Amino acid sequence: MFVRIDLESDVPIYTQLTNQIMEGIATGELQPGEALPSVRSLAADLGINLHTVNKAYTILKDSGFIQIHRQKGAVVQSGGMPPADDAYKERLAEALRPMAAESLGRGMSLEDWLTICRASFEQLKAKREGRPI
């Protein structure tokens, strides 16, 4: 998996890293049980602080995406991604609310907003299924 970090972005580096690893797991680019680079190795490869990588790995572990073994290091959760339970759906609604508010404030229609959301979801789904995007 290739990770791209935008050092000029307003999005924190640990969030960029977390999101890209989540996407890799969701699309099947990273398989259950697959080892991730060590914190030191990934930090060195990306030219970022190792505490930044550690923070991303901790978030992924706490969210159930990865396991951290003392001997094996970080590996993708062997059971696959956690289910979309009620707690996840609540977190999703909370995360989407500020984007919905900004879109509404900018005059975007519900139809346009849903079209963009649907397109993002479908692109990831196509990638996971090996279909052209």
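Residues numbered from 1 in each chain as written. Predicted model: local features only at pLDDT ≥ 70, side-chain atom pairs only at ≥ 80, totals over all residues. Heavy atoms only, no water.

**What about helix H1 (residues 13-26)?**
An α-helical segment advances 3.6 residues per turn. Residues three or four places apart therefore align on the same side.
Point 1. Relative to the 20 Å expected for 14 residues at 1.5 Å per residue, H1 spans 20 Å between its end C-alpha atoms, a close match to the ideal helical length.
Point 2. For H1, the set of buried residues is Gln16, Leu17, Thr18, Ile21, Gly24 and Ile25.
Point 3. For H1, the secondary structure elements touched by its buried residues are helix H2 (39-46), helix H3 (50-62), strand E1 (66-69) and strand E2 (73-76).
Point 4. Looking at the residues trailing H1, positive phi occurs at Gly28, about 85 degrees. (Helix = DSSP H or I, 4+ residues; strand = E, 2+ residues; numbered from the N terminus. Expected span 1.5 Å × (residues − 1). Buried < 20%, exposed > 50% of the residue type's maximum accessible area, 1.4 Å probe, protein only. Contact = heavy atoms within 4.5 Å.)

**So, the packing of H1 against H3**
Point 1. The interhelical angle for the contact between H1 and H3, taken along N-to-C directions, is 45 degrees, at an axis separation of 8 Å. Judged by the angle between their axes, H1 and H3 are oblique. H1 and H3 meet at a crossing whose hand is right-handed. Here H1 contributes Ile13, Tyr14, Leu17, Thr18, Ile21 and Met22 to the contact with H3, which in turn contributes Thr52, Val53, Lys55, Ala56, Tyr57, Ile59 and Leu60.
Point 2. The residue inventory of the contact of H1 with H3, partitioned by class, reads 10 nonpolar, two polar and one charged. (Axes fitted to C-alpha atoms, helices over the stretch in contact; angles between N-to-C directions. Parallel < 35°, antiparallel > 145°, perpendicular 65-115°, else oblique. Left-handed = near helix turned anticlockwise from the far one by under 90°. Nonpolar A, V, L, I, M, F, W, Y, C, P; charged D, E, K, R; others polar.)

**What to know about the nonpolar core**
Point 1. Counting 17 residues, the largest nonpolar core has Leu17, Ile21, Ile25, Leu36, Val53, Tyr57 and Ile66 as the members making the most contacts within it.
Point 2. Of all the secondary structure elements, the ones that give two or more residues to this core are H1, H2, H3 and E2.
Point 3. The element contributing the most residues to this core is H3, with four residues.
Point 4. The contacts of Val53, once residues within four sequence positions are left out, are Leu17, Val39, Leu42, Ala43 and Ile48. (Core = buried A, V, L, I, M, F, W, Y, C linked by side-chain atoms within 4.5 Å.)

**Digging into the packing of aromatic side chains**
Point 1. Tallied over the full model, the rule gives zero aromatic pairs.
Point 2. Its end group placed over the ring of Tyr14, Lys55 keeps NZ or CZ at 4.0 Å from the ring centre. (Phe/Tyr/Trp six-rings, centres within 6.5 Å; stacked < 30°, edge-to-face > 60°. Lys NZ or Arg CZ within 6 Å of the ring centre and 35° of its normal.)

**Quick notes on the pattern of salt bridges**
Point 1. Applying the stated criterion to the full structure yields four salt bridges.
Point 2. Of the charged contacts in the structure, one is a salt bridge between Glu23 and Lys127, with a shortest N-O distance of 4.0 Å. With Glu23 in helix H1 and Lys127 in helix H5 (residues 110-128), the pair connects residues that are 104 residues apart, well separated along the chain.
Point 3. Two residues, Glu29 and Lys127, come together in a salt bridge whose shortest N-O distance is 3.4 Å. Note that Glu29 is positioned in the loop between H1 and H2 and Lys127 in helix H5, a separation of 98 residues in sequence.
Point 4. Residue Lys127 is classed as partly exposed on the basis of its relative accessible area of 35%.
Point 5. Here the salt bridges do not stand alone but share partners, grouping Glu23, Glu29 and Lys127 into one network. (Salt bridge = Lys/Arg side-chain N within 4 Å of Asp/Glu carboxyl O.)

**With respect to the UniProt feature "domain: HTH gntR-type" (unreviewed entry) in the protein**
Point 1. Mapped onto the present numbering, the UniProt feature "domain: HTH gntR-type" (unreviewed entry) falls on residues 11-79.
Point 2. Helix makes up 51% of residues 11-79 and strand makes up 12%, while its end C-alpha atoms are separated by 30 Å. (UniProt positions renumbered as here; feature names shortened; annotations may be inferred.)

**Section: the packing of H2 against H3**
Point 1. Between H2 and H3, the least distance of the axes is 8 Å, while the angle of their chain directions is 120 degrees. Between H2 and H3, the crossing angle belongs to the class labelled oblique. The handedness of the crossing between H2 and H3 comes out as right-handed. Along the contact surface, H2 presents Val39, Arg40, Leu42 and Ala43, while H3 presents Leu50, Val53, Asn54 and Tyr57.
Point 2. Classifying every residue of the contact of H2 with H3 gives six nonpolar, one polar and one charged.

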